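# Structure assessment
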Amino acid sequence: MHPAEPQDPRRSVPRTDAVLTDPRVAAAVAERGRDVVKDAVRRAQARVRAGELAAGDLVEAVLTALPPAGTTLRRVLNATGAVLHTNLGRAQLSVAAVEAVVTAAGATDVEMDLVTGRRARRGRGTVAALRAAVPAAGDVHVVNNGAAALVLVATALAAGKEIVVSRGELVEIGDGFRLPDLLESTGARLREVGTTNRTSLADYRAALSERTGFVLKVHPSNFVVTGFTAGVQAGELAGELAGLGVPVVVDIGSGLLAPDPALPAEPDAATVLAAGADLVTASGDKLLGGPQAGLLLGQAGLVERLRRHPLARALRVDKLTLAALEATLRAAPNPTRDAVHADPAVLRERCTAVAEALRGSGIDVGVEPSAAVVGGGGAPGVELDSWVVSLPPDLAVPLRTGDPSVAGRVEGGRLLLDLRTVPADADGLLVAAVRGAGR
Ligand SMILES: *Cc1c(COP(=O)(O)O)cnc(C)c1O
(Lines give C-alpha, C1' and ligand atoms only; values in the text may rest on other atoms or scores of the structure.)
Protein backbone atom coordinates (compact mmCIF):
# COMPACT_ATOMS: atom_id res chain seq x y z
CA MET A 1 0.00 0.00 0.00
CA HIS A 2 1.28 3.39 -0.97
CA PRO A 3 0.34 6.35 1.13
CA ALA A 4 -1.90 8.69 -0.92
CA GLU A 5 0.37 11.14 -2.62
CA PRO A 6 -0.49 14.68 -1.60
CA GLN A 7 -1.93 16.39 -4.70
CA ASP A 8 -0.01 19.41 -5.95
CA PRO A 9 -2.43 22.32 -5.30
CA ARG A 10 -1.08 24.18 -8.35
CA ARG A 11 -2.57 21.52 -10.61
CA SER A 12 -6.07 22.20 -9.26
CA VAL A 13 -6.03 26.02 -9.30
CA PRO A 14 -8.75 27.12 -11.75
CA ARG A 15 -7.34 29.20 -14.58
CA THR A 16 -8.18 32.90 -14.74
CA ASP A 17 -9.92 32.74 -18.14
CA ALA A 18 -12.05 29.82 -16.94
CA VAL A 19 -13.08 31.73 -13.80
CA LEU A 20 -14.01 34.77 -15.88
CA THR A 21 -16.47 32.74 -17.95
CA ASP A 22 -18.55 31.91 -14.85
CA PRO A 23 -21.79 33.89 -15.38
CA ARG A 24 -21.67 35.50 -11.93
CA VAL A 25 -18.06 36.54 -12.41
CA ALA A 26 -18.85 37.80 -15.94
CA ALA A 27 -21.70 39.87 -14.49
CA ALA A 28 -19.31 41.31 -11.91
CA VAL A 29 -16.87 42.23 -14.72
CA ALA A 30 -19.68 43.98 -16.60
CA GLU A 31 -20.68 45.92 -13.50
CA ARG A 32 -17.35 46.61 -11.82
CA GLY A 33 -14.74 46.42 -14.55
CA ARG A 34 -12.19 43.75 -15.47
CA ASP A 35 -9.24 44.97 -13.41
CA VAL A 36 -11.02 44.89 -10.07
CA VAL A 37 -12.38 41.39 -10.70
CA LYS A 38 -9.08 39.99 -12.05
CA ASP A 39 -7.34 41.27 -8.98
CA ALA A 40 -9.80 39.40 -6.76
CA VAL A 41 -9.33 36.25 -8.90
CA ARG A 42 -5.53 36.43 -8.49
CA ARG A 43 -5.82 36.74 -4.73
CA ALA A 44 -8.25 33.81 -4.53
CA GLN A 45 -5.94 31.68 -6.71
CA ALA A 46 -3.07 32.41 -4.32
CA ARG A 47 -5.22 31.17 -1.43
CA VAL A 48 -6.00 27.94 -3.31
CA ARG A 49 -2.29 27.45 -4.01
CA ALA A 50 -1.54 28.00 -0.33
CA GLY A 51 -4.07 25.34 0.53
CA GLU A 52 -6.32 27.83 2.39
CA LEU A 53 -9.22 27.60 -0.03
CA ALA A 54 -10.80 24.67 -1.86
CA ALA A 55 -10.68 25.10 -5.65
CA GLY A 56 -14.46 24.58 -5.80
CA ASP A 57 -15.02 27.60 -3.53
CA LEU A 58 -12.92 29.96 -5.62
CA VAL A 59 -15.77 31.72 -7.48
CA GLU A 60 -17.67 32.30 -4.24
CA ALA A 61 -14.48 33.70 -2.66
CA VAL A 62 -13.93 36.04 -5.63
CA LEU A 63 -17.47 37.42 -5.39
CA THR A 64 -17.30 38.01 -1.63
CA ALA A 65 -13.81 39.54 -1.86
CA LEU A 66 -14.82 42.25 -4.35
CA PRO A 67 -14.49 45.68 -2.76
CA PRO A 68 -17.74 47.59 -2.20
CA ALA A 69 -19.22 49.00 -5.42
CA GLY A 70 -19.01 52.74 -6.13
CA THR A 71 -22.65 53.29 -5.33
CA THR A 72 -24.86 52.00 -2.56
CA LEU A 73 -27.83 52.31 -4.94
CA ARG A 74 -29.11 48.92 -6.02
CA ARG A 75 -30.73 47.80 -9.23
CA VAL A 76 -34.45 47.23 -8.65
CA LEU A 77 -36.92 45.55 -10.97
CA ASN A 78 -40.04 47.67 -10.68
CA ALA A 79 -42.89 45.16 -10.57
CA THR A 80 -45.13 47.47 -8.50
CA GLY A 81 -47.48 48.32 -11.36
CA ALA A 82 -46.73 52.06 -10.98
CA VAL A 83 -44.92 53.00 -14.20
CA LEU A 84 -43.31 56.11 -12.68
CA HIS A 85 -42.63 55.08 -9.10
CA THR A 86 -41.34 58.16 -7.29
CA ASN A 87 -39.47 56.13 -4.65
CA LEU A 88 -37.81 54.05 -7.38
CA GLY A 89 -36.49 57.07 -9.28
CA ARG A 90 -39.41 57.73 -11.68
CA ALA A 91 -38.63 57.02 -15.37
CA GLN A 92 -36.21 54.22 -16.30
CA LEU A 93 -33.78 55.43 -18.96
CA SER A 94 -33.73 53.83 -22.40
CA VAL A 95 -30.68 51.88 -23.56
CA ALA A 96 -29.87 54.79 -25.91
CA ALA A 97 -30.01 57.26 -23.00
CA VAL A 98 -27.74 55.11 -20.83
CA GLU A 99 -25.23 54.86 -23.70
CA ALA A 100 -25.38 58.63 -24.16
CA VAL A 101 -24.61 59.14 -20.46
CA VAL A 102 -21.56 56.87 -20.76
CA THR A 103 -20.35 58.79 -23.85
CA ALA A 104 -20.75 62.14 -22.12
CA ALA A 105 -19.15 60.99 -18.86
CA GLY A 106 -15.63 61.89 -19.96
CA ALA A 107 -14.57 65.13 -21.65
CA THR A 108 -17.27 66.02 -24.18
CA ASP A 109 -18.18 68.90 -26.51
CA VAL A 110 -21.18 70.01 -24.44
CA GLU A 111 -20.12 73.64 -24.83
CA MET A 112 -17.52 73.60 -27.63
CA ASP A 113 -17.72 73.71 -31.43
CA LEU A 114 -15.14 71.10 -32.40
CA VAL A 115 -14.67 72.65 -35.87
CA THR A 116 -13.73 76.14 -34.69
CA GLY A 117 -12.53 75.13 -31.23
CA ARG A 118 -14.64 77.96 -29.82
CA ARG A 119 -17.32 78.06 -27.20
CA ALA A 120 -20.79 77.01 -28.45
CA ARG A 121 -24.31 77.05 -26.97
CA ARG A 122 -24.39 74.57 -24.11
CA GLY A 123 -26.40 71.43 -24.88
CA ARG A 124 -27.30 72.64 -28.39
CA GLY A 125 -27.99 69.06 -29.56
CA THR A 126 -30.57 68.64 -26.81
CA VAL A 127 -32.13 72.02 -27.60
CA ALA A 128 -32.35 71.07 -31.29
CA ALA A 129 -33.99 67.72 -30.45
CA LEU A 130 -36.57 69.42 -28.21
CA ARG A 131 -37.35 72.04 -30.85
CA ALA A 132 -37.74 69.32 -33.47
CA ALA A 133 -40.10 67.44 -31.13
CA VAL A 134 -42.20 70.57 -30.48
CA PRO A 135 -42.12 72.81 -33.57
CA ALA A 136 -44.67 75.15 -31.95
CA ALA A 137 -42.01 76.22 -29.41
CA GLY A 138 -40.02 79.28 -30.52
CA ASP A 139 -37.21 78.25 -28.20
CA VAL A 140 -36.53 75.90 -25.29
CA HIS A 141 -34.45 75.81 -22.15
CA VAL A 142 -33.64 72.93 -19.79
CA VAL A 143 -33.23 73.22 -16.01
CA ASN A 144 -32.85 70.84 -13.11
CA ASN A 145 -36.48 69.73 -12.67
CA GLY A 146 -40.09 70.85 -13.04
CA ALA A 147 -39.96 72.77 -9.77
CA ALA A 148 -36.83 74.63 -10.93
CA ALA A 149 -38.58 75.59 -14.17
CA LEU A 150 -41.41 77.16 -12.14
CA VAL A 151 -38.98 78.94 -9.82
CA LEU A 152 -37.11 80.41 -12.79
CA VAL A 153 -40.29 81.65 -14.47
CA ALA A 154 -41.66 83.11 -11.22
CA THR A 155 -38.37 84.85 -10.42
CA ALA A 156 -37.72 86.22 -13.91
CA LEU A 157 -41.28 87.28 -14.73
CA ALA A 158 -42.99 88.00 -11.41
CA ALA A 159 -40.56 88.78 -8.55
CA GLY A 160 -42.14 91.74 -6.71
CA LYS A 161 -45.26 91.26 -8.82
CA GLU A 162 -48.29 88.97 -8.83
CA ILE A 163 -48.92 85.55 -10.30
CA VAL A 164 -52.61 85.12 -11.10
CA VAL A 165 -53.64 81.51 -10.46
CA SER A 166 -56.83 79.54 -9.82
CA ARG A 167 -57.49 78.32 -6.25
CA GLY A 168 -58.23 74.89 -7.70
CA GLU A 169 -54.67 74.61 -9.02
CA LEU A 170 -52.59 75.35 -5.91
CA VAL A 171 -51.39 71.79 -5.53
CA GLU A 172 -49.06 69.88 -3.27
CA ILE A 173 -46.67 67.93 -5.52
CA GLY A 174 -45.50 65.38 -2.96
CA ASP A 175 -43.35 64.90 0.14
CA GLY A 176 -44.94 68.01 1.67
CA PHE A 177 -43.85 70.39 -1.11
CA ARG A 178 -46.56 72.80 -2.20
CA LEU A 179 -46.56 74.87 -5.38
CA PRO A 180 -47.84 78.05 -3.69
CA ASP A 181 -44.93 77.96 -1.20
CA LEU A 182 -42.47 77.30 -4.01
CA LEU A 183 -43.79 80.23 -6.07
CA GLU A 184 -43.88 82.66 -3.14
CA SER A 185 -40.32 81.72 -2.14
CA THR A 186 -39.21 83.69 -5.23
CA GLY A 187 -40.65 86.97 -3.94
CA ALA A 188 -43.69 86.80 -6.21
CA ARG A 189 -47.15 87.17 -4.65
CA LEU A 190 -50.01 84.88 -5.52
CA ARG A 191 -53.25 86.47 -6.66
CA GLU A 192 -55.67 83.58 -6.18
CA VAL A 193 -58.84 83.59 -8.25
CA GLY A 194 -62.00 81.47 -8.36
CA THR A 195 -62.79 78.66 -5.94
CA THR A 196 -61.55 75.11 -5.44
CA ASN A 197 -64.04 73.68 -7.92
CA ARG A 198 -64.93 76.59 -10.23
CA THR A 199 -62.95 79.37 -11.88
CA SER A 200 -64.20 81.51 -14.79
CA LEU A 201 -62.64 83.81 -17.35
CA ALA A 202 -64.27 86.74 -15.51
CA ASP A 203 -62.36 85.75 -12.34
CA TYR A 204 -59.05 86.01 -14.19
CA ARG A 205 -60.10 89.26 -15.90
CA ALA A 206 -60.99 90.91 -12.57
CA ALA A 207 -57.59 90.01 -11.08
CA LEU A 208 -55.43 91.55 -13.80
CA SER A 209 -53.62 94.77 -12.98
CA GLU A 210 -50.33 96.54 -13.65
CA ARG A 211 -48.91 94.32 -10.86
CA THR A 212 -49.56 91.12 -12.81
CA GLY A 213 -46.35 89.30 -13.76
CA PHE A 214 -48.05 86.40 -15.52
CA VAL A 215 -51.09 84.17 -15.41
CA LEU A 216 -50.34 80.59 -14.40
CA LYS A 217 -52.28 77.43 -15.18
CA VAL A 218 -51.22 74.29 -13.34
CA HIS A 219 -52.32 70.86 -14.48
CA PRO A 220 -53.78 69.11 -11.40
CA SER A 221 -51.60 66.12 -12.19
CA ASN A 222 -52.09 64.09 -9.02
CA PHE A 223 -55.81 64.45 -8.26
CA VAL A 224 -59.15 64.82 -10.01
CA VAL A 225 -61.96 67.20 -9.06
CA THR A 226 -65.32 65.88 -10.19
CA GLY A 227 -68.90 67.09 -9.88
CA PHE A 228 -69.84 70.79 -10.09
CA THR A 229 -66.64 72.06 -11.67
CA ALA A 230 -65.58 74.67 -14.20
CA GLY A 231 -62.20 75.82 -15.40
CA VAL A 232 -60.69 77.96 -18.11
CA GLN A 233 -58.57 76.42 -20.86
CA ALA A 234 -55.15 77.88 -21.65
CA GLY A 235 -56.42 78.81 -25.12
CA GLU A 236 -59.33 80.86 -23.77
CA LEU A 237 -56.98 82.66 -21.38
CA ALA A 238 -54.50 83.38 -24.16
CA GLY A 239 -57.31 84.83 -26.28
CA GLU A 240 -58.47 87.02 -23.41
CA LEU A 241 -54.97 88.28 -22.63
CA ALA A 242 -53.85 88.79 -26.25
CA GLY A 243 -52.18 92.16 -26.68
CA LEU A 244 -52.03 92.92 -22.95
CA GLY A 245 -48.41 91.81 -22.61
CA VAL A 246 -49.31 89.39 -19.80
CA PRO A 247 -47.81 85.96 -20.51
CA VAL A 248 -49.85 82.79 -20.01
CA VAL A 249 -47.66 80.11 -18.44
CA VAL A 250 -48.90 76.50 -18.27
CA ASP A 251 -47.32 73.91 -15.98
CA ILE A 252 -48.33 70.66 -17.68
CA GLY A 253 -46.32 68.56 -15.21
CA SER A 254 -45.99 65.22 -16.96
CA GLY A 255 -43.85 66.21 -19.96
CA LEU A 256 -45.93 64.76 -22.80
CA LEU A 257 -44.70 66.69 -25.84
CA ALA A 258 -47.51 65.58 -28.15
CA PRO A 259 -50.94 64.01 -27.49
CA ASP A 260 -50.95 60.36 -26.38
CA PRO A 261 -54.20 58.54 -27.26
CA ALA A 262 -53.61 56.16 -24.33
CA LEU A 263 -53.78 59.13 -21.91
CA PRO A 264 -56.48 61.40 -23.34
CA ALA A 265 -56.75 63.61 -20.22
CA GLU A 266 -53.03 64.45 -20.09
CA PRO A 267 -52.12 67.86 -21.51
CA ASP A 268 -49.18 68.05 -23.93
CA ALA A 269 -46.77 70.84 -24.82
CA ALA A 270 -47.57 71.00 -28.56
CA THR A 271 -51.33 71.35 -28.05
CA VAL A 272 -51.04 73.86 -25.21
CA LEU A 273 -48.61 76.06 -27.19
CA ALA A 274 -50.73 75.81 -30.35
CA ALA A 275 -53.71 76.98 -28.25
CA GLY A 276 -51.81 80.18 -27.47
CA ALA A 277 -49.88 79.64 -24.23
CA ASP A 278 -46.67 81.68 -24.10
CA LEU A 279 -44.65 79.24 -22.01
CA VAL A 280 -45.00 75.60 -20.98
CA THR A 281 -43.12 73.99 -18.08
CA ALA A 282 -42.79 70.23 -17.60
CA SER A 283 -40.71 67.46 -16.01
CA GLY A 284 -38.24 65.31 -17.96
CA ASP A 285 -38.57 62.13 -15.89
CA LYS A 286 -42.33 61.59 -15.97
CA LEU A 287 -44.21 60.58 -19.13
CA LEU A 288 -41.41 61.81 -21.40
CA GLY A 289 -39.37 58.93 -19.98
CA GLY A 290 -36.08 60.81 -19.66
CA PRO A 291 -33.73 61.94 -16.89
CA GLN A 292 -34.74 64.32 -14.09
CA ALA A 293 -35.01 67.70 -15.80
CA GLY A 294 -37.30 70.71 -16.13
CA LEU A 295 -38.36 71.78 -19.61
CA LEU A 296 -39.28 75.33 -20.58
CA LEU A 297 -40.79 75.70 -24.05
CA GLY A 298 -42.37 78.69 -25.74
CA GLN A 299 -41.99 82.21 -27.04
CA ALA A 300 -38.36 82.86 -28.01
CA GLY A 301 -38.13 86.25 -26.28
CA LEU A 302 -39.40 84.88 -22.97
CA VAL A 303 -37.16 81.82 -23.11
CA GLU A 304 -34.16 84.08 -23.79
CA ARG A 305 -35.05 86.17 -20.70
CA LEU A 306 -35.12 83.02 -18.60
CA ARG A 307 -31.87 81.71 -20.07
CA ARG A 308 -30.11 85.02 -19.33
CA HIS A 309 -31.45 85.38 -15.78
CA PRO A 310 -28.69 85.02 -13.12
CA LEU A 311 -30.70 82.28 -11.39
CA ALA A 312 -30.52 80.15 -14.58
CA ARG A 313 -26.87 79.40 -13.75
CA ALA A 314 -27.87 77.89 -10.42
CA LEU A 315 -30.52 75.72 -12.01
CA ARG A 316 -28.55 74.50 -15.01
CA VAL A 317 -28.31 70.81 -15.83
CA ASP A 318 -25.12 68.82 -16.21
CA LYS A 319 -23.80 67.16 -19.36
CA LEU A 320 -25.11 63.75 -18.28
CA THR A 321 -28.68 65.03 -18.11
CA LEU A 322 -28.34 66.82 -21.46
CA ALA A 323 -26.99 63.63 -23.06
CA ALA A 324 -29.72 61.39 -21.62
CA LEU A 325 -32.48 63.86 -22.51
CA GLU A 326 -31.31 64.22 -26.12
CA ALA A 327 -31.09 60.43 -26.56
CA THR A 328 -34.58 60.03 -25.05
CA LEU A 329 -35.95 62.54 -27.55
CA ARG A 330 -34.16 61.10 -30.59
CA ALA A 331 -34.81 57.37 -29.94
CA ALA A 332 -38.54 56.76 -30.03
CA PRO A 333 -38.95 53.75 -27.71
CA ASN A 334 -38.24 54.06 -24.01
CA PRO A 335 -39.28 51.96 -21.01
CA THR A 336 -41.92 54.49 -19.89
CA ARG A 337 -43.63 54.63 -23.27
CA ASP A 338 -43.36 50.85 -23.64
CA ALA A 339 -44.95 50.35 -20.21
CA VAL A 340 -47.83 52.75 -20.88
CA HIS A 341 -48.55 51.19 -24.28
CA ALA A 342 -47.93 47.49 -23.53
CA ASP A 343 -50.65 45.21 -24.91
CA PRO A 344 -52.47 43.40 -22.05
CA ALA A 345 -52.57 40.19 -24.13
CA VAL A 346 -48.77 40.24 -24.35
CA LEU A 347 -48.51 40.95 -20.62
CA ARG A 348 -50.70 37.93 -19.95
CA GLU A 349 -48.40 35.75 -22.11
CA ARG A 350 -45.33 37.03 -20.26
CA CYS A 351 -46.95 36.29 -16.87
CA THR A 352 -47.89 32.79 -18.02
CA ALA A 353 -44.33 32.16 -19.23
CA VAL A 354 -42.90 33.36 -15.88
CA ALA A 355 -45.32 31.11 -13.97
CA GLU A 356 -44.39 28.21 -16.28
CA ALA A 357 -40.68 28.82 -15.65
CA LEU A 358 -41.34 28.66 -11.89
CA ARG A 359 -43.15 25.34 -12.11
CA GLY A 360 -41.28 22.72 -10.07
CA SER A 361 -39.77 25.35 -7.79
CA GLY A 362 -42.23 24.46 -5.04
CA ILE A 363 -43.50 28.06 -5.00
CA ASP A 364 -47.27 28.63 -5.13
CA VAL A 365 -47.58 30.74 -8.33
CA GLY A 366 -50.68 32.22 -9.97
CA VAL A 367 -51.49 34.56 -12.86
CA GLU A 368 -54.24 37.18 -12.51
CA PRO A 369 -55.59 40.24 -14.30
CA SER A 370 -54.85 43.51 -12.53
CA ALA A 371 -54.64 47.26 -13.03
CA ALA A 372 -51.45 49.30 -13.29
CA VAL A 373 -51.19 53.08 -12.91
CA VAL A 374 -48.98 55.81 -14.36
CA GLY A 375 -47.89 56.88 -10.86
CA GLY A 376 -45.37 59.56 -9.96
CA GLY A 377 -48.25 61.97 -9.59
CA GLY A 378 -49.38 61.53 -13.19
CA ALA A 379 -52.65 60.63 -14.94
CA PRO A 380 -54.77 60.32 -11.77
CA GLY A 381 -57.73 58.02 -12.09
CA VAL A 382 -56.29 56.29 -15.18
CA GLU A 383 -56.05 52.50 -14.88
CA LEU A 384 -54.00 50.51 -17.38
CA ASP A 385 -55.26 46.93 -17.83
CA SER A 386 -52.49 44.61 -16.74
CA TRP A 387 -51.54 41.11 -15.61
CA VAL A 388 -49.66 40.02 -12.51
CA VAL A 389 -47.75 36.98 -11.29
CA SER A 390 -49.13 36.23 -7.82
CA LEU A 391 -46.87 34.73 -5.14
CA PRO A 392 -46.97 33.98 -1.39
CA PRO A 393 -46.63 37.30 0.51
CA ASP A 394 -43.67 36.09 2.59
CA LEU A 395 -41.53 36.36 -0.56
CA ALA A 396 -41.88 40.17 -0.55
CA VAL A 397 -38.93 40.87 1.76
CA PRO A 398 -36.45 38.33 0.30
CA LEU A 399 -37.32 39.58 -3.19
CA ARG A 400 -36.87 43.24 -2.25
CA THR A 401 -33.53 42.56 -0.58
CA GLY A 402 -32.30 40.11 -3.24
CA ASP A 403 -30.02 40.84 -6.19
CA PRO A 404 -31.42 42.25 -8.33
CA SER A 405 -34.02 43.57 -5.96
CA VAL A 406 -37.62 43.00 -7.07
CA ALA A 407 -40.32 45.35 -5.76
CA GLY A 408 -43.93 44.18 -6.07
CA ARG A 409 -47.04 45.01 -4.06
CA VAL A 410 -48.88 43.01 -1.43
CA GLU A 411 -52.62 42.99 -2.04
CA GLY A 412 -55.35 40.66 -0.81
CA GLY A 413 -52.80 38.52 1.05
CA ARG A 414 -50.65 37.87 -2.06
CA LEU A 415 -47.46 39.38 -3.45
CA LEU A 416 -48.29 40.67 -6.94
CA LEU A 417 -45.60 41.25 -9.57
CA ASP A 418 -47.01 43.44 -12.34
CA LEU A 419 -45.10 42.85 -15.57
CA ARG A 420 -46.35 46.07 -17.22
CA THR A 421 -43.67 48.00 -15.34
CA VAL A 422 -40.89 45.41 -15.87
CA PRO A 423 -38.94 45.69 -19.15
CA ALA A 424 -39.71 42.54 -21.22
CA ASP A 425 -36.03 41.60 -21.47
CA ALA A 426 -35.83 41.36 -17.66
CA ASP A 427 -38.33 38.48 -17.30
CA GLY A 428 -35.48 35.94 -17.07
CA LEU A 429 -33.86 37.92 -14.25
CA LEU A 430 -37.21 38.09 -12.49
CA VAL A 431 -37.64 34.30 -12.66
CA ALA A 432 -34.14 33.76 -11.28
CA ALA A 433 -34.80 36.27 -8.47
CA VAL A 434 -38.06 34.52 -7.47
CA ARG A 435 -36.35 31.12 -7.49
CA GLY A 436 -33.57 32.55 -5.33
CA ALA A 437 -36.06 34.09 -2.88
CA GLY A 438 -38.01 30.83 -2.66
CA ARG A 439 -34.96 28.92 -1.49
C1 LIG B 1 -44.40 66.78 -11.04
C2 LIG B 1 -44.96 68.14 -11.12
C3 LIG B 1 -44.19 69.25 -10.74
C4 LIG B 1 -42.81 69.10 -10.15
O5 LIG B 1 -41.90 68.64 -11.11
P6 LIG B 1 -40.51 67.99 -10.61
O7 LIG B 1 -39.85 67.58 -11.90
O8 LIG B 1 -40.86 66.85 -9.73
O9 LIG B 1 -39.76 69.05 -9.90
C10 LIG B 1 -44.75 70.49 -10.87
N11 LIG B 1 -45.99 70.65 -11.36
C12 LIG B 1 -46.76 69.61 -11.76
C13 LIG B 1 -48.12 69.87 -12.31
C14 LIG B 1 -46.26 68.32 -11.66
O15 LIG B 1 -47.02 67.29 -12.06
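Because the structure is predicted, anything quoted here is derived from the model rather than measured. (Residues numbered from 1 in each chain as written. Predicted model: local features only at pLDDT ≥ 70, side-chain atom pairs only at ≥ 80, totals over all residues. Heavy atoms only, no water.)

### A short note on the pairing of strand β2 (residues 139-143)
Which entries qualify depends on this criterion: For every residue, the accessible area obtained with a 1.4 Å probe (protein chains only) is divided by the maximum for its type, and the residue is called buried under 20%, exposed over 50%, and partly exposed between those limits. Each helix is a run of DSSP H or I of at least 4 residues and each strand a run of E of at least 2, with the numbering of both proceeding from the N terminus. Here, a strand pair is defined by DSSP locating no fewer than two bridges between the strands.
Counting buried residues along β2, 5 of its 5 residues qualify, which places the element largely inside the surrounding structure. Residues Asp139, His141 and Val143 of β2 are buried on one face, and the alternating residues Val140 and Val142, pointing to the opposite face, are buried as well. Alignment of β2 against strand β10 (residues 294-298), held across 5 bridges, turns out to be antiparallel. Note on β10: the bridge partner recorded for Val142 is Leu295.

### Description of the pattern of salt bridges
In plain terms, the rule: One speaks of a salt bridge when a side-chain nitrogen belonging to Lys or Arg is within 4 Å of a carboxyl oxygen belonging to Asp or Glu.
Following the criterion strictly, the structure yields 26 salt bridges and no others. Two residues, Arg42 and Asp39, come together in a salt bridge whose shortest N-O distance is 3.8 Å. Here Asp39 and Arg42 lie together in helix α4 (residues 34-49), a separation of 3 residues that amounts to about one turn. In this structure, the salt-bridge partner of Arg47 is Glu52, at a minimum N-O distance of 3.7 Å.

### What about the domain arrangement of the chain?
It is common to give the size of an interface as the accessible area lost on bringing the parts into contact. How we decide: Start and end positions for the domains come from either an automated domain assignment or a database one. We call two residues in contact when some of their heavy atoms are within 4.5 Å. What counts as buried area is the accessible surface, traced by a 1.4 Å probe, that two parts surrender upon association, with contributions from both included.
Entries for the chain in the domain assignment read domain 1 (9-68), domain 2 (76-88 + 337-438) and domain 3 (95-332). Spacing between the C-alpha centres of domain 2 and domain 3 amounts to 33 Å. Each partner contributes residues to the interface: domain 2 has 11 residues there, and domain 3 has 13 residues. Interface of domain 2 and domain 3: buried area, both sides summed, is about 1,000 Å²; carbon and sulfur atoms make up 63% of it.

### Looking at the nonpolar core
Grouped burial of nonpolar side chains is what soluble globular proteins tend to show. Cut-off, in case you're wondering: Here, nonpolar core means buried Ala, Val, Leu, Ile, Met, Phe, Trp, Tyr and Cys residues that are tied together by side-chain atoms lying within 4.5 Å of each other.
Formed by 36 residues in total, the largest nonpolar core has its most connected members in Leu130, Leu257, Leu295 and Leu297. Among residues more than four places away in sequence, those in contact with Leu295 are Leu130, His141, Val142, Ala149, Leu257, Val280, Thr281, Ala282, Ser283, Leu288 and Leu325. Ile163, Ala188, Leu279 and Val303 belong to the second largest nonpolar core, which has 28 residues in total.

### Here we look at empty space enclosed by the protein
Take a probe with the size of a water molecule and roll it over the atoms, and the empty space left behind shows itself. This is how it is decided: Only protein atoms enter the 1 Å grid, on which a cavity is a set of points fitting a 1.4 Å probe that cannot get out and a pocket is an open set with protein on both sides within 12 Å along at least 5 of 7 lines, lining residues being those with an atom within 4 Å of a point. Grid points are joined across faces, edges and corners, and a volume is the space filled by probe spheres set on the points. Classification convention: Asp, Glu, Lys, Arg as charged; Ala, Val, Leu, Ile, Met, Phe, Trp, Tyr, Cys, Pro as nonpolar; all other residues, Gly among them, as polar.
All told, the structure shown has 1 cavity of 30 Å³ or more when counted by the stated rule. Its boundaries defined by the atoms lining it, the largest cavity holds a volume of some 40 Å³. Around the largest cavity sit Asn78, Val83, Gln92, Pro335, Thr336, Ala339 and Thr421, which together line it. Counting residues per element, the lining of the largest cavity draws most heavily on helix α16 (residues 335-341), which supplies 3 residues. Grouping the amino acids of the lining of the largest cavity by side-chain chemistry returns 3 nonpolar, 4 polar and no charged.

### Digging into the sheet that holds strand β9 (residues 279-283)
Note on sheets: strands pair through backbone hydrogen bonds, and any given pair is parallel or antiparallel. What counts here: The convention used is that axes are lines fitted to C-alpha atoms, helices contributing only their stretch in contact, and that angles between N-to-C directions extend from 0 to 180 degrees.
Reading across the sheet, the 7 strands line up as β2-β10-β9-β8-β7-β3-β6 and stay open at both edges, with mixed pairing between neighbours. Looking at the sheet topology across the chains shown, the edges are occupied by β2 and β6 (189-193). Taken pair by pair, the neighbouring strands of this sheet meet at an average axis angle of 25 degrees, ignoring direction. The sheet contact formed by strand β8 (residues 248-253) and β9 spans 4 bridges and is parallel. Bridge pairing in β9 links Asp251 to Thr281. Helix α11 (residues 234-241) contacts β7 (212-218) and β8 of the sheet and is inclined by roughly 170 degrees relative to β8.

### Some points on the packing of helix α6 (residues 95-105) against helix α15 (residues 319-330)
Quick note on the threshold: In this scheme the handedness of a crossing depends on how the near helix is turned from the far one: anticlockwise by less than a right angle means left-handed, clockwise means right-handed.
In contact at an axis separation of 8 Å, α6 and α15 are set at 145 degrees when each is read in the N-to-C sense. For the element pair α6 and α15, the recorded crossing hand is right-handed. Along the contact surface, α6 presents Ala96, Ala97, Ala100, Val101, Ala104 and Ala105, while α15 presents Lys319, Leu320, Ala323, Ala324, Ala327 and Thr328. Across the contact of α6 with α15, the residue classes tally to 10 nonpolar, 1 polar and 1 charged.

### What to know about helix α5 (residues 58-65)
Basically, it comes down to this: Directions drawn from the helix axis to the C-beta atoms are what define this arc.
Looking only at α5, the buried set comprises Leu58, Val59, Ala61 and Val62. Mapping the buried residues of α5 onto a view down its axis gives an arc of 160 degrees, with all of them on the same face. Buried residues along α5 sit against α2 (16-20), α3 (23-32) and α4.

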